[in-house]
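Spelled out from the first residue to the last, the chains are:
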Amino acid sequence: MRTPAIHLSGLRKSFGAVEAVAGIDLEIDDGEFFSMLGPSGSGKTTVLRLIAGFDRPTAGTVSLSGREVTKLPPYERDVNTVFQDYALFPHLSVIENVEYGLKVRKVPRKQRRERAEQALAAVRLADFGARRPRAMSGGQRQRVALARALVNRPKVLLLDEPLGALDLKLREQMQVELKQIQRDVGITFVFVTHDQDEALTMSDRVAVFEAGRIAQVGTPEEVYERPASPFVAGFVGTSNLLTGAAARTVVGRDGTFSVRPEKITIGAEGAPGTVSEVIYAGPVTRFVVDLDAGARMVVVEQNRRAGKAQRGDRVQLTWQQEHVIEIGGDRAA
Ligand code: ATP
């Protein structure tokens, strides 16, 4: 068995009466792109700070590459952190910013420059060394911050919402780049985000956080296609839950079920309901339909095949049996 890059065991952290982390057991593999996804206040940042050593846990242990580091200070852990606000030094050039950590650790000048140049090349900023951070775009500054962390060649890189300050377009571009950079350098990335698209796009595996605990860990496909709970189904995508009487009427049996919006079509037969909202969103249109059976379903149609359903129209919703997810069950209904 391979030693995991990170092993958290029985991890807890309280701040006064607030239990920010309420018992987490988790292994993250070497070279994995791992995301911690969850709503605001669910404990993601606190877990990251415990891994980095900025905070001490109330209970439990943190191990890195098989070595327990729970009581070690941050600088004795083979981990670097990239924060959302980048924290670059404005009076230093880009390459001086990147070199800074090596200078502090007294790496000789020539070697330092060489490694900084390599790190800048890895984030595709080889020609930007002489610039000042303020003469760069948000996305470029973000990459400088990344280079500054990579230059130390840590085994693990922790990233706390590093793309949070970027506009949507740049964000999507950086998501692809970050994934490529991670693959190139082969370092374990632990990425905190509350954006489900971001987590699904970039990660090998995702942990979905709920109130200081992990509700589910799995590949993006697993957490999307087989959510372990209604919370996960709703946080990773639109849940479209069918429970109680609605489940009995529409699915034909008891349980909690979900059908993803893109698996539903508005057709001539199926479960009857009334369109309560039509939301045009460029390539797709979203229809909110209140089923007579008592559930509210969101339907996403590609615009090229979208019907002309209007608010107030009576419609029928159809989907294939194989796309009915049984929540908490082992397989589709
Ligand atoms: P966000 O996405 O908003 O950053 P998060 O999932 O990262 O949220 P945390 O920052 O880990 O959540 O916070 C978890 C809980 O712990 C919250 O209720 C928060 O208010 C509380 N908390 C975090 N740090 C402290 C602190 N230093 N002192 C007191 N309470 C704290």
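Residues numbered from 1 in each chain as written. Predicted model: local features only at pLDDT ≥ 70, side-chain atom pairs only at ≥ 80, totals over all residues.

The name that an unreviewed UniProt entry assigns to the protein is ABC transporter ATP-binding protein, with the source organism given as Paractinoplanes pyxinae.

(A) Structural view of the overall build of the protein. Helix and strand counts for the protein come out as 9 helices and 18 strands. Based on the C-alpha atoms only, the size of the protein along its principal axes is roughly 75 × 45 × 40 Å. Sorting the 333 residues of the protein into buried and exposed places 37% on the buried side. In the protein, the proportion of contacts linking residues at least 24 apart, taken out of those at least 6 apart, comes to 62%. (Helix = DSSP H or I, 4+ residues; strand = E, 2+ residues; numbered from the N terminus. Buried ≥ 20, exposed ≤ 12 C-beta atoms within 10 Å, placed from the backbone. Contact = placed C-beta atoms within 7 Å.)

(B) The arrangement of the domain arrangement of the protein in detail. One can read the domain layout of the protein as domain 1 (6-226) and domain 2 (238-326). One C-alpha centre belongs to domain 1, the other to domain 2; they are set 38 Å apart. (Domains from an automatic or database assignment.)

(C) Looking closely at the site of the ligand. Near the ligand, the surroundings consist of Phe15, Val18, Ala20, Gly38, Ser40, Gly41, Ser42, Gly43, Lys44, Thr45, Thr46 and His194. Broken down by secondary-structure element, the contributors of at least two residues to the shell around the ligand are β2 (18-28) and α1 (44-52). Considering every element that reaches the shell around the ligand, the biggest residue donor is α1, with 3 residues. Counted by class, the shell around the ligand contains 3 nonpolar, 8 polar and 1 charged residues. (Near = placed C-beta within 6 Å. Nonpolar A, V, L, I, M, F, W, Y, C, P; charged D, E, K, R; others polar.)

(D) Summary view of the pairing of strand β7 (residues 156-160). A large share of β7 lies buried, amounting to 5 of its 5 residues. Every second residue of β7 is oriented toward a common face, with Val156, Leu158 and Asp160 on one face and Leu157 and Leu159 on the other, all of them buried. Relative to β7, strand β6 (residues 79-82) runs parallel, the two sharing 4 bridges. By the bridge assignment for β7, Val79 is matched with Val156. Handedness of the crossover joining β7 and strand β8 (residues 188-193) through helix α5 (residues 168-185) is recorded here as right-handed. (Pairing = 2+ DSSP bridges. Right-handed = clockwise from strand over helix to strand, strands pointing away.)

(E) The arrangement of the nonpolar core in detail. Counting 85 residues, the largest nonpolar core has Ile51, Val98, Ala147, Val156, Val190, Val208 and Leu317 as the members making the most contacts within it. The leading source of residues in this core is helix α4 (residues 138-150), at 6 residues. For this core, the two domains that each supply at least three residues are domain 1 (6-226) and domain 2 (238-326). Setting aside anything within four residues of it in sequence, one finds Val156 in contact with Ala5, Ile6, Leu64, Asp78, Val79, Ile187, Thr188 and Val190. (Core = buried A, V, L, I, M, F, W, Y, C linked by C-beta atoms within 7 Å.)

(F) Spatial organisation of α5. The end-to-end C-alpha distance of α5 is 25 Å, a good match for the 26 Å that 18 residues give at a rise of 1.5 Å each. Regarding α5, the residues found buried are Met174, Gln175, Leu178, Ile181 and Gln182. Looking down the long axis of α5, one finds its buried residues gathered within 140° of arc, a one-sided arrangement. Opposite its buried face, α5 presents the exposed residues Lys169, Val176, Gln180, Arg183 and Asp184, each directed more than 90 degrees away. (Expected span 1.5 Å × (residues − 1). Arc of directions from axis to C-beta.)

(G) Region of interest: unusual backbone geometry. For Ser65, which is not glycine, the phi torsion reads 50° and is therefore positive. The residue Ser65 is located in the loop between β4 (59-64) and β5 (67-68) in this model. C-beta crowding within 10 Å serves as the criterion here: with 15 such atoms nearby, Ser65 is assigned to the partly exposed category. At Arg124, a residue that is not glycine, the phi angle is positive and equals roughly 60°. Along the chain, Arg124 falls in the loop between α3 (109-122) and α4.

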